[in-house]
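Residues per chain are reported as follows:
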Amino acid sequence: MRLPGTGNAADNPQERTPGDDPRQVPRAGNGRAPNVMRIGAWVPMRQYVDDDEVDFVIVGTGAGGGTLAAKLAEHGFTVAALDAGPYWRPLEDFASDEMHQSKLYWTDERIVDGENPLQLGSNNSGKSVGGSTVHFAMVSLRFRPDWFKARSLLGYGADWPLDWREMWDYYGEVEQTLKIAGPVTYPWGPKRSRYPYRAHELSASAKVLARGAEALGIAWTPTPIATLSAPRGDAPPCVYRGFCTLGCSTNAKQSVLNTWLPRALKAGAEIRDLAMVGRIETKHGRATGVHYHREGRWRFQRARNVVVAGYAIETPRLLLMSASSEFPDGLANSSGLVGRYLTVQGNQAVWGVFDEEIRSYKGPPSLAITEHWNYEDRGKDFSGGYCYMSQGPLPTLWGKTQATARGLWGEALVAEMQRYNHVAGLKVVSEYMPQARNRVTLAEETDQYRLPIARVTYSWCDNDRAMNRHALAFMRQALEAAGGREIWDQENDTCHLNGTARMGDDPRTSVVNADCRSWDIPNLWICDGSVFPTVGGVNPSLTIQAIACRTADRIKALAACGDLSGAASASPKRALAWAS
């Protein structure tokens, strides 16, 4: 527990409650789950035994699974949501230490190959109840409407089976839930409602972006971001501590852990931590439940419906590991597309030195943004778009970047670190093209559960390289125009995994339909970033949550008309009875 004046328990390991290591012992159980908003507190939790046939068992509690768990439970379905990661208490478990907080990443062994092997871990993969949102950068942006019909309207990629107008409504629902702090008016795209909370004050690094954009004659704006700019219930406003991507220890960050999941618990869902799912069982063409490992043994949870929400690597891995005599190529894979079209986003950066102190580590890293090149197609020699935003690397990350991206070491590295407080940078989130050759498959090697580990194969195409050149050249101009000198490029970074179980209108060219329902198995659903046919040029978390909200509403509608293949019908009275 936290002691007055001594920081968090994570800063003082000797003060921890004995036996309370959430990485070793599950915290959710015995009819209760952690109250993540209060030190040492609990909330009641409904629990199911393995023989209970729940309406929905959800694998993964991140942006897709956690959001869906809340919405389905509120619609009256019985829900058990399983996550391989620990159930953190941010107020007690998160330290002001970069190395310590690497515990939030999914660092289980994986194999990467291809012409441009991906770096996995801190920038694209989380292992925690709440998923990657526990350490995401909180940037919350909507897709450009044209991107939902990229093939038809823009001539590249694939069309989504969704209409942007419908998504606009769901974006609004998520923005209200997370109390996004943003500008009064947003410069790009169709009109939207005002963001729920006012924009944050600009940091010095954000002002660098603003100066550069104005010098080049393009629009910029404060970044819509999922950390509070005013109090909300038990959560305080952001104190600009700067550890956003390493776990917010104050709960100002509106992650799935402290927004959707408390709602899910209140509505009667069970959240089961440290529960690694290794196989989906099927019988007569239907999913019957999941095999999962918890507390040292394998168990089986029965379910009328199974939802996979493990993100773009673990989702196809689980589907492929669940192959059987009935589905020899894995589940939902009659198209042969499970694992294919893995699509990341470019994350290159430019950095420069400024005469004035910047101290870019203060506050959320991305407090100013421009989407100019997401909405302007003239003058491009590539398809797709990109945004770029201000940055705020902490010291250890900055030192690692100098060593890996520039090869600095010894005295040269020390000299560069002494200029740390005068450095500012711009970093892109760009739209790489979906390619069938980029994929997730199963390796022969196995992990601690004796399950095949994932092999992740990735290569850029010519369009990706052209976009990289354009983005780096333009950001360099912007940084120079803002007064930067000694500018250098960080060329080989990527972020945000998507694809591998794409949605579509045709079962021959997609894995799920617009409702995230498998074409092959009617009671198997996939609800995370893996259903993205294309990735767009913005961070994906808002879109994943919007899709989850839509999926829950569609399931409710399907149940009401008797098209849920045996699942129990939604019963609002059941949820209300539990909440009371």
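Calculation rules
- Chains are numbered independently. Their residues run from 1 in the order of the written sequence.
- Local features are withheld for residues below a pLDDT of 70 in this predicted model, meaning they are given only at 70 or higher, and side-chain atom pairs are given and counted only at 80 or more; totals for whole chains, interfaces and linings count all residues.
- Side-chain measures were taken over the full set of non-hydrogen atoms in the model, leaving aside hydrogen atoms and water.
- UniProt positions are given in the numbering used here, feature names are shortened, and annotations may be inferred rather than shown by experiment.
- Two aromatic rings, drawn from Phe, Tyr or Trp (for Trp, its six-membered ring), form a pair once their centres lie within 6.5 Å of each other, and the interplanar angle then sorts them: stacked below 30 degrees, edge-to-face above 60, tilted otherwise.
- Only lysine NZ and arginine CZ atoms are considered, and such an atom sits over a ring when it is within 6 Å of the ring centre and within 35 degrees of the ring normal.
- Two strands are counted as paired when DSSP detects at least two bridges linking them.
- The numbering of helices and of strands both runs from the N terminus, where a helix is a DSSP run of H or I of at least 4 residues and a strand a run of E of at least 2.
- Throughout, an axis means a line fitted to C-alpha atoms (over the contacting stretch in the case of helices), and angles, computed between N-to-C directions, take values from 0 to 180 degrees.
- Residues grouped as a nonpolar core are buried Ala, Val, Leu, Ile, Met, Phe, Trp, Tyr and Cys residues, joined through side-chain atoms within 4.5 Å.
- Only protein chains enter the accessibility calculation, which uses a 1.4 Å probe; a residue whose area is less than 20% of its type maximum is buried, one above 50% is exposed, and one in between is partly exposed.
- For this analysis, residues touch if any pair of their heavy atoms sits within 4.5 Å.
- Think of a polar contact as two N or O atoms within 3.5 Å of one another; within protein, one of them needs to be a possible hydrogen donor and the other a possible acceptor, and neighboring residues in sequence only count if both atoms come from side chains.
- In this analysis, the expected span of each helix is defined as 1.5 Å times one less than the number of residues it contains.
- Every residue is assigned a pLDDT by the predictor, reflecting its confidence on a scale from 0 to 100.
- Between 65 and 115 degrees an angle is taken as roughly perpendicular, under 35 as roughly parallel, over 145 as roughly antiparallel, and anywhere else as oblique.
- The handedness criterion is simple: a crossing whose near helix is rotated anticlockwise from the far helix by less than a right angle is left-handed, and one whose near helix is rotated clockwise is right-handed.
- All amino acids are sorted into three groups, where Ala, Val, Leu, Ile, Met, Phe, Trp, Tyr, Cys and Pro are nonpolar, Asp, Glu, Lys and Arg are charged, and the leftover types, Gly among them, are polar.

As annotated in an unreviewed UniProt entry, the protein chain carries the name Choline dehydrogenase and is attributed to Methylobacterium durans. Reading the Sequence similarities (unreviewed entry) entry of the UniProt record for the protein chain gives the comment "Belongs to the GMC oxidoreductase family."

Peer 1: Looking at this structure, how should I read the packing of aromatic side chains?
Peer 2: If you walk through the whole model with that rule in mind, you get 21 aromatic pairs. Put simply, the rings of Phe143, Trp147, Phe148, Trp160 and Phe532 pair up and form one aromatic cluster. Looking at Arg32, its charged tip hangs above the ring of Trp42, at a distance of 3.6 Å from the centre. The ring of Trp106 has Lys127 lying over it, and the distance from NZ or CZ to the ring centre is 4.8 Å.

Peer 1: What am I meant to see in the sheet that holds strand β5 (residues 111-113) here?
Peer 2: Strand pairing in a sheet relies on backbone hydrogen bonds, with the paired strands running either antiparallel or parallel. Strands sit in the order β5-β19-β18 across an open sheet of three strands; the sheet is mixed. Strands at the two margins of the open sheet, each flanked by one partner only, are β5 and β18 (439-446). Within this sheet the neighbouring strands show an average axis-to-axis angle of 30 degrees, counted without direction. Strand direction decides the pairing type here: β18 and strand β19 (residues 452-457), joined by five bridges, are antiparallel.

Peer 1: Can you walk me through the nonpolar core in this structure?
Peer 2: As a rule of thumb, nonpolar side chains are buried together in soluble globular proteins. Formed by 174 residues in total, the largest nonpolar core has its most connected members in Ile280 and Tyr388. Broken down by element, this core gets its largest block of residues, 10 residues, from helix α12 (residues 541-560). Setting aside chain neighbours within four positions, we find Tyr388 in contact with Leu209, Ile218, Ala368, Ile369, Thr370, Leu426, Lys427, Val428, Phe474, Met475 and Ala478.

Peer 1: Looking at this structure, I do not really get the environment of Asn258. What am I missing?
Peer 2: Examined against the element boundaries, Asn258 turns out to sit in the loop between β8 (221-222) and α6 (260-266). Residue Asn258 is classed as buried on the basis of its relative accessible area of 10%. Between the alpha carbons of Asn258 and Ala235 there is a distance of 9.2 Å; along the sequence they are 23 residues apart.

Peer 1: Could you clarify how one ought to interpret the side chain of Gln345 in this entry?
Peer 2: With respect to the helices and strands, Gln345 occurs in strand β13 (residues 343-346). One polar contact links Gln345 to His496, side chain to side chain, over a distance of 2.7 Å. A distance of 2.9 Å separates a polar atom in the side chain of Gln345 from the backbone oxygen of Val538. Filtering out sequence-adjacent residues up to four positions away, Gln345 remains in contact with Val429, Ser430, Tyr432, Thr494, Cys495, His496, Val535, Gly536, Gly537, Val538, Asn539 and Pro540.

Peer 1: I tried to follow α12 on my own but got confused; where do I start?
Peer 2: With 20 residues, α12 should cover 28 Å at 1.5 Å per step; its first-to-last C-alpha distance of 29 Å lies within 8% of that length. In terms of residue burial, α12 counts as a mostly covered element, since 15 of its 20 residues are buried. Residue Gly562 follows α12 closely and has a positive phi angle near 75 degrees.

Peer 1: Got a minute to help me understand the confidence of the model for the protein chain in this structure?
Peer 2: Low pLDDT marks regions whose predicted coordinates should not be analysed in detail. In this model, the protein chain carries a mean pLDDT of 93, and residues with pLDDT of at least 70 account for 94%. Residue range residues 1-7 is modelled with pLDDT below 50. Its contacts to residues more than four positions away, or to other chains, number 13 contacts. Per-residue pLDDT stays below 50 along residues 567-580; that stretch engages in 32 contacts with residues further than four places along the chain or on separate chains.

Peer 1: Could you clarify how one ought to interpret the UniProt feature "domain: Glucose-methanol-choline oxidoreductase N-terminal" (unreviewed entry) in the protein chain in this entry?
Peer 2: Under the present numbering, the feature "domain: Glucose-methanol-choline oxidoreductase N-terminal" (unreviewed entry) in UniProt falls on residues 125-324. Secondary structure content for residues 125-324 is 26% helix and 19% strand, while the C-alpha to C-alpha distance between its ends is 28 Å.

Peer 1: Looking at this structure, how should I read the UniProt feature "domain: Glucose-methanol-choline oxidoreductase C-terminal" (unreviewed entry) in the protein chain?
Peer 2: Residues annotated in UniProt with the feature "domain: Glucose-methanol-choline oxidoreductase C-terminal" (unreviewed entry) correspond here to residues 434-548. End C-alpha to end C-alpha, residues 434-548 measures 22 Å, and it is 24% helix and 24% strand.

Peer 1: Explain the packing of helix α1 (residues 65-74) against α12 to me, please; I cannot follow it from the model alone.
Peer 2: It is at 8 Å that the axes of α1 and α12 come closest, and there the two elements cross at 30 degrees. Between α1 and α12, the interaxial angle falls into the category roughly parallel. Note that α1 runs across α12; the crossing there is right-handed. Counted together, Thr67, Leu68, Lys71 and Leu72 of α1 and Gln545, Ala548, Cys549, Thr551, Ala552, Asp553 and Ile555 of α12 form the full contact between these two elements. Partitioned by chemical class, the residues of the contact of α1 with α12 number six nonpolar, three polar and two charged.

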